[in-house]
Amino acid sequence: MKEWIAGLLAVLGTLLVLAGATVTVVKTLTPDPAGTPAGTDPLGGTATTNGNRFSRWLHRINAADRLIAWGVILLALGAIAAGAIQFTLGASAGTR
């Protein structure tokens, strides 16, 4: 079961990274329409800008970069699930 989860996370992570990269390349290669202002929200202006500094920073990240970030997170979780990355925490107490 661990291998299935790791494989699924790896596939989904790879797809998200490739989708984000594709959006970035397409936006770079296609001309920007003159009628679209630079600061418009792709959701039709429904995104909120209220909140603390972190939430405002999070809303400023464009969709392609968010896809890439989620893909990297899923790839890292897949590597952890597969056992390629391990975290070992230990503590020892000496006796006198």
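The text that follows walks through the structure, step by step, so that each part is easy to find.

About the criteria used
Residues numbered from 1 in each chain as written. Predicted model: local features only at pLDDT ≥ 70, side-chain atom pairs only at ≥ 80, totals over all residues. Heavy atoms only, no water. Helix = DSSP H or I, 4+ residues; strand = E, 2+ residues; numbered from the N terminus. Contact = heavy atoms within 4.5 Å. Areas by Shrake-Rupley, 256 points an atom, 1.4 Å probe, with all protein chains shown as cover. Patch = residues over 30% accessible without salt bridge, like charges linked within 9 Å, V, L, I, M, F, W, Y side chains within 5 Å. Salt bridge = Lys/Arg side-chain N within 4 Å of Asp/Glu carboxyl O. Buried < 20%, exposed > 50% of the residue type's maximum accessible area, 1.4 Å probe, protein only.

1. Some points on the overall build of the protein
- The secondary structure content of the protein amounts to 3 helices and 0 strands.
- Going from the N terminus to the C terminus, the protein shows its helices and strands as α-α-α.
- Here the contacts in the protein between residues at least 6 apart in sequence split such that 78% fall between residues at least 24 apart.
- Roughly 8,000 Å² of accessible area belongs to the protein as shown, and the carbon and sulfur atoms make up 67% of that amount.

2. Let's talk about a nonpolar patch on the surface
- A grouping of Trp70, Ile73, Leu77, Ile80, Ile85 and Phe87 is seen on the molecular surface, where their side chains present a nonpolar patch of about 620 Å² in accessible area.
- Inspection of the secondary structure puts Ile73 in helix H3 (residues 63–82).

3. So, the environment of Lys2
- Inspection of the secondary structure puts Lys2 in helix H1 (residues 2–29).
- When the C-alpha atoms of Lys2 and Gly78 are compared, they prove to be 9.5 Å apart, with 76 residues separating the residues in sequence.

4. Some points on the environment of Ala76
- If you trace the backbone, Ala76 turns up in helix H3.
- For Ala76, a relative accessible area of 34% gives the class partly exposed.
- With 70 residues separating them in the primary sequence, Ala76 and Ala6 have C-alpha atoms 9.6 Å apart.

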